[in-house]
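Each chain, written out:
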Amino acid sequence: MGAAMRRIHVGNALSAFGLGFTVPYLYVYVAQVRGLGAMTAGLVLAVFAVAALVVLPFAGRAIVRRGPLPVLLAALVTAAVGALSLGLASSATTVLLAAAALGAGQAVMQPALATMIVDCSTTDTRSRAFAMQFFLQNLGLGVGGLIGGHLVDTTRVDSFTLLFAIEAAMFLLLVGVMATVRMPRSPRIDRAPAGSAKGSWKQLLGNRAMVQLCVLGFVLFFACYGQFESGLSAYGVEAAGISTSALGTALAANTLMIVVAQFAVLKFVERRRRSRVIAAVGLIWAVAWVAAGYAGLGHGSREMATAAFVSTYALFGLGEAMLSPTVAPLVADLAPSGLAGQYNSVFALVKQLALAVGPAVGGPLGASLHAPYIVTFLLFSLAISVLAVRLGRQLTAVQDQPWLGRSRVVARGGAAEPVGAEA
């Protein structure tokens, strides 16, 4: 791992550590501590999603034209201002404006950091680099949330102000760390004609493999991440009678599974077809939904229901650990030279759409229609396997099995040359 990649990973850990301080307590802070009510708190969460959807289409183009580092630094400063403003805001208007700044900055960080990883890696090292990124993100979120939980006091506004100030400080510290990164030279579109943005979008939409991967990505995020803190938690409380402490244990089991299993799983997936790995994740998540069904509908003991529900989150964590070294490198390998930033931003946009739609659909369904909820997302998990197999037919041999291209290294977001009969 080179010096640039080490700094990028430190940056990932710091940003996740800062977010871990505030994300679990945002709703309580707005609704109860600031006394702005559940409606405003719900709007704040919606503003995060809307801000991401607004800025991500422009972020991709900016990364392509200017490079990922300047875009990342601008996003970090914006997020720092938003975090500090959120900690000081006392009215609904200022809270919403601060949330918009924080949400926009946070959303742009993802494709910028992903593109920096692409630029500093090769096909041989990319899977491990993204696995390390995912590992550090979860570790940072977990440690930040744990420390933040011991600092907050719902009777004291200043304790929450301290949390948001720490988050802002982490972003500014990250600005200092990332400003020292020396990025390798990679293709840029510095003087693109006015209509080139439309042309690059047309090129992306004409890439059938990328379009199929985006559809698959939407289903992945909708059926898993979009349910964690909405539909699945509501189902656990309402149908399975899971206590809040058991729900916290389930979330901890998810993080622990990722942290413990990430690199063991990496050794397994590195020599497997990417499309088959994603298909296997769909099957694992189908088993997770069966376990969730037993927890709420199986009429077993309270202990068995709790164990099954915790197992659901752990199985989701296993699937996430398999996806982290698989999906993001595949997005990079599908991108033509110089357009990795745009492809990463489009995939991040798909993720945000799924995370916006997932809770809206899963929340009410999981809280009231328990059996239909389980059946629906069991079918979505099986659909992941079907879509992954279909995607495999669109990939070249090197894109699906990157170790075949060791003699033809795909660097800085370049698309792999096909091997064999398909071109």
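Residues numbered from 1 in each chain as written. Predicted model: local features only at pLDDT ≥ 70, side-chain atom pairs only at ≥ 80, totals over all residues. Heavy atoms only, no water.

## What to know about the packing of helix 9 (residues 208-223) against helix 15 (residues 340-368)
Argument step 1. Two elements in contact, helix 9 and helix 15, have axes whose closest approach is 8 Å; the angle formed by their N-to-C orientations is 35°. The handedness of the crossing between helix 9 and helix 15 comes out as right-handed. For the pair helix 9 and helix 15, contact is made by Met210, Leu213, Cys214, Gly217, Phe218, Phe221 and Phe222 and by Tyr343, Val346, Phe347, Val350, Lys351, Leu353, Ala354, Leu355, Val357, Gly358 and Val361, respectively.
Argument step 2. A class-by-class count of the residues in the contact of helix 9 with helix 15 yields 15 nonpolar, two polar and one charged. (Axes fitted to C-alpha atoms, helices over the stretch in contact; angles between N-to-C directions. Helix = DSSP H or I, 4+ residues; strand = E, 2+ residues; numbered from the N terminus. Left-handed = near helix turned anticlockwise from the far one by under 90°. Contact = heavy atoms within 4.5 Å. Nonpolar A, V, L, I, M, F, W, Y, C, P; charged D, E, K, R; others polar.)

## Considering the nonpolar core
Argument step 1. Counting 120 residues, the largest nonpolar core has Phe171, Met178, Met210, Leu213, Leu232, Trp285 and Phe309 as its most contacted members.
Argument step 2. The dominant element in this core, judged by the number of residues it contributes, is helix 5 (residues 92-119), at twelve residues.
Argument step 3. When neighbours within four sequence positions are excluded, Met178 is seen to be in contact with Arg7, Ile8, Gly11, Leu69, Leu72, Leu73, Leu76, Leu113 and Met116.
Argument step 4. Core analysis: the second largest hydrophobic core is formed by five residues, Ala52, Leu56, Ala107 and Ala348 among them. (Core = buried A, V, L, I, M, F, W, Y, C linked by side-chain atoms within 4.5 Å. Buried < 20%, exposed > 50% of the residue type's maximum accessible area, 1.4 Å probe, protein only.)

## Considerations on the environment of Arg126
Argument step 1. Considering the arrangement of structural elements, one finds Arg126 in helix 6 (residues 123-151).
Argument step 2. In this structure Arg126 comes out as buried when scored by relative accessible area, which is 1%.
Argument step 3. Here the alpha-carbon distance between Arg126 and Leu330, two residues 204 residues apart in the chain, equals 9.5 Å.

## Remarks on the packing of helix 3 (residues 37-66) against helix 15
Argument step 1. The interhelical angle for the contact between helix 3 and helix 15, taken along N-to-C directions, is 170°, at an axis separation of 7 Å. Here helix 15 runs roughly antiparallel to helix 3, going by the angle between their axes. Where helix 3 abuts helix 15, its residues Ala49, Ala52, Leu53, Leu56, Pro57, Ala59, Gly60, Arg61, Ile63 and Val64 lie against Gly341, Gln342, Ser345, Ala348, Leu349, Gln352, Leu353 and Ala356.
Argument step 2. Along the lines of polarity and charge, the residues of the contact of helix 3 with helix 15 split into twelve nonpolar, five polar and one charged. (Parallel < 35°, antiparallel > 145°, perpendicular 65-115°, else oblique.)

## Topic: the environment of Leu283
Argument step 1. As for its position among the elements, Leu283 is in helix 12 (residues 274-297).
Argument step 2. Each C-alpha atom, one on Leu283 and one on Ile384, is 8.2 Å from the other, the two residues being 101 residues apart in sequence.
Argument step 3. Apart from the residues within four sequence positions on either side, Leu283 is in contact with Leu382 and Ser385.

## Some points on the side chain of Ser127
Argument step 1. By secondary structure assignment, the location of Ser127 is in helix 6.
Argument step 2. Here the side chain of Ser127 touches Pro325 through a polar contact of 3.1 Å, landing on its backbone oxygen. (Polar contact = N/O pair within 3.5 Å; in protein donor to acceptor, adjacent residues only side chain to side chain.)

## Quick notes on the packing of aromatic side chains
Argument step 1. Throughout the structure, instances matching the rule amount to 15 aromatic pairs.
Argument step 2. A ring pair is formed by Trp289 and Phe377, whose centres lie 5.3 Å apart and whose planes are at 25°; its orientation type is stacked. A residue pair is termed long-range when its members are at least 10 positions apart, and Trp289 in helix 12 and Phe377 in helix 16 (residues 370-392) qualify at 88 residues.
Argument step 3. By way of ring pairs, the aromatic residues Phe218, Phe222, Tyr235, Trp285, Trp289, Phe316, Tyr373, Phe377 and Phe380 are connected into one cluster. (Phe/Tyr/Trp six-rings, centres within 6.5 Å; stacked < 30°, edge-to-face > 60°.)

## Considerations on helix 2 (residues 26-33)
Argument step 1. Buried residues of helix 2: Leu26, Tyr29, Val30, Ala31 and Val33, and no others.
Argument step 2. In this structure, the buried residues of helix 2 make contact with helix 1 (3-22), helix 3, helix 4 (68-88), helix 5 and helix 7 (157-178).
Argument step 3. Directly beyond the C-terminal end of helix 2, a positive phi value near 65° is found at Gly35.

## Looking at the environment of Trp285
Argument step 1. With respect to the helices and strands, the residue Trp285 is situated in helix 12.
Argument step 2. Beyond its immediate sequence surroundings of up to four residues, Trp285 is in contact with Leu220, Cys224, Leu315, Phe316, Gly319, Glu320, Leu323, Ser381 and Ile384.
Argument step 3. Within the structure, the side chain of Trp285 is placed 3.4 Å from the backbone oxygen of Phe316, a separation counted as a polar contact.

## Brief notes about the side chain of Thr115
Argument step 1. In this fold, Thr115 is placed in helix 5.
Argument step 2. Since its relative accessible area comes to 2%, Thr115 is described here as buried.
Argument step 3. Those residues in contact with Thr115 that sit more than four places away from it in its chain are Ile63, Pro68, Ala340, Gly341 and Asn344.

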